[in-house]
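Observations on the three-dimensional arrangement
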Amino acid sequence: MRITQLLGMAHYEFLMQWRRGALRLILVMFVLAPLLAMFLILASTQQLDLSATQWSDAYSAEFRFTSMAILMVLPLAPLVFIALPILVADSLPLDRHFGVRDLLDTLALERRVYLLGKVLGVWCGLLLTLVVAAVGLGIVFRFMHGPFSLRVWALLWVVGVAPMTLITSGVGLLFPAGYATRRLAVMTVFACIPIFVHLFSTSPLMQFLMASVTPESALIQNDSGAIIGVVGITLEFVVSMVLGCLLVLLIAGGWAWNWLRTQDVKR
């Protein structure tokens, strides 16, 4: 594999996603949706029954604010599992539509380099978006509410949000690889929404969101009361999740590579 071509392809895809507005829209959604949830939480906490809930003063401030911070990220679920794969679905068809694919063919660019570069370009933009959202939202939440567990916050983004963002965007980009029009690509990914919803129900992000509903049994505390983790989020779980995500992406990549190869043969 030619590393220079791969990096060039990834850079091209990153710039294309930014210039066409998809990446900017994703950044805005990933920041504004949790911010809106944060303001709603702030407004509603004054009206909640504070007895025997995660909002109760019987719990430490760190405990209460950590569960609130996790709950704030709830609006990201439909964005990650529904909106995101649809937004990137037309990336490959657009290359064909604008003649970029024909230009790249003259450079003897291998299909695997092309596909991997496209995926890496999208991923670079998404990872930058997640870093901005995680850091920015964490700072805003700290000043608006109070101290919370940075360890759980980091786990939420690194183990919960980031892997699911990468896999849904990767599958959404690769699965409709052979279509010549944006409409067919978007419609195909839209038809796969039930699969993405099922993925959400079994994802670590779902575990984190459930932890915000029942923090008494989900948040792990040490003897001094400090939060040190979330039930179920273990090293073995993370490893198995990463392997599963890689398998799904390899299958989607193989599907896309074979589809493009078949089209090239027919030419």
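Residues numbered from 1 in each chain as written. Predicted model: local features only at pLDDT ≥ 70, side-chain atom pairs only at ≥ 80, totals over all residues. Heavy atoms only, no water.

**Remarks on the overall build of the protein**
The secondary structure content of the protein amounts to 13 helices and two strands. Long-range pairs, those at least 24 residues apart, make up 82% of the contacts in the protein with a sequence separation of at least 6. (Helix = DSSP H or I, 4+ residues; strand = E, 2+ residues; numbered from the N terminus. Contact = heavy atoms within 4.5 Å.)

**Here's the deal with the side chain of Glu 13**
Structurally, Glu 13 is set in helix 1 (residues 3-19). Side chain to side chain, Glu 13 and Lys 118 meet in a polar contact 2.5 Å long. When residues no more than four places from it in sequence are discounted, the contact partners of Glu 13 are Ser 91, Gly 117, Lys 118, Gly 121, Val 122 and Leu 173. (Polar contact = N/O pair within 3.5 Å; in protein donor to acceptor, adjacent residues only side chain to side chain.)

**As for the pattern of salt bridges**
In total, this model carries four salt bridges according to the counting rule given. The partner of Glu 13 in a salt bridge is Lys 118, and the shortest N-O contact between them spans 2.5 Å. Of this pair, Glu 13 sits in helix 1 while Lys 118 sits in helix 7 (residues 111-144), and the two are 105 residues apart along the sequence. Given the relative accessible area of 0%, Glu 13 is considered buried. The class of Lys 118 is buried, set by a relative accessible area of 0%. Here Arg 182 makes a salt bridge to Asp 90, at a shortest N to O gap of 2.9 Å. Of the two residues, Arg 182 is situated in helix 9 (residues 182-191) and Asp 90 in the loop between helix 4 (76-88) and helix 5 (91-97); the sequence distance between them amounts to 92 residues. Under the relative-accessibility criterion, Arg 182 is labelled partly exposed at 44%. (Salt bridge = Lys/Arg side-chain N within 4 Å of Asp/Glu carboxyl O. Buried < 20%, exposed > 50% of the residue type's maximum accessible area, 1.4 Å probe, protein only.)

**As for the packing of aromatic side chains**
One pass over the structure, following the stated rule, counts seven aromatic pairs. Between the aromatic rings of Phe 141 and Phe 148, the centroid separation amounts to 5.2 Å while the plane-to-plane angle is 85°, which identifies the pairing as edge-to-face. The structure contains a cluster of three or more aromatic residues connected by ring pairs, namely Phe 141, Phe 148, Trp 153 and Trp 157. One residue, Arg 24, lies across the ring of Trp 18, its end atom 5.5 Å from the ring centre. (Phe/Tyr/Trp six-rings, centres within 6.5 Å; stacked < 30°, edge-to-face > 60°. Lys NZ or Arg CZ within 6 Å of the ring centre and 35° of its normal.)

**Description of the nonpolar core**
Membership of the largest hydrophobic core comes to 72 residues, with the highest contact counts inside it found for Phe 30, Phe 141, Trp 153, Leu 156, Trp 157 and Leu 205. The contact partners of Leu 156, leaving out residues within four places of it in the chain, are Ile 70, Val 73, Val 161, Leu 205 and Phe 208. (Core = buried A, V, L, I, M, F, W, Y, C linked by side-chain atoms within 4.5 Å.)

**Some remarks on the environment of Ile 3**
Structurally, the position occupied by Ile 3 is in helix 1. The spatial distance from the C-alpha of Ile 3 to the C-alpha of Gly 117 is 9.7 Å, given a sequence separation of 114 residues.

**A few points about helix 9**
Listing the buried residues of helix 9 in full gives Ala 185, Thr 188 and Val 189. Here the buried residues of helix 9 occupy an arc of 95° about the axis, which is enough to place them on one side. Exposed residues on helix 9 whose side chains face more than 90 degrees from its buried face are Arg 183, Met 187, Phe 190 and Ala 191. For helix 9, the secondary structure elements touched by its buried residues are helix 4, helix 5, helix 8 (150-174) and helix 10 (193-201). (Arc of directions from axis to C-beta.)

**Brief notes about a nonpolar patch on the surface**
Taken together, the side chains of Leu 235, Val 239, Val 242, Leu 243 and Leu 246 make up a nonpolar region of the molecular surface, amounting to roughly 470 Å² of accessible area. Along the chain, Leu 246 falls in helix 13 (residues 235-266). For Leu 246, a relative accessible area of 46% puts it in the partly exposed group. (Patch = residues over 30% accessible without salt bridge, like charges linked within 9 Å, V, L, I, M, F, W, Y side chains within 5 Å. Areas by Shrake-Rupley, 256 points an atom, 1.4 Å probe, with all protein chains shown as cover.)

**Some words on the confidence of the model for the protein**
Where the model shows low pLDDT, its predicted coordinates should not be examined in detail. With 88% of its residues at a pLDDT of 70 or more, the protein shows a mean pLDDT of 82. Mean pLDDT across the secondary structure elements of the protein bottoms out at helix 6 (residues 100-105), with 66, and peaks at helix 8, with 92. Scored below 50 in pLDDT, residues 49-53 makes six contacts in the model with residues more than four places away or belonging to other chains. (pLDDT = per-residue confidence, 0-100.)

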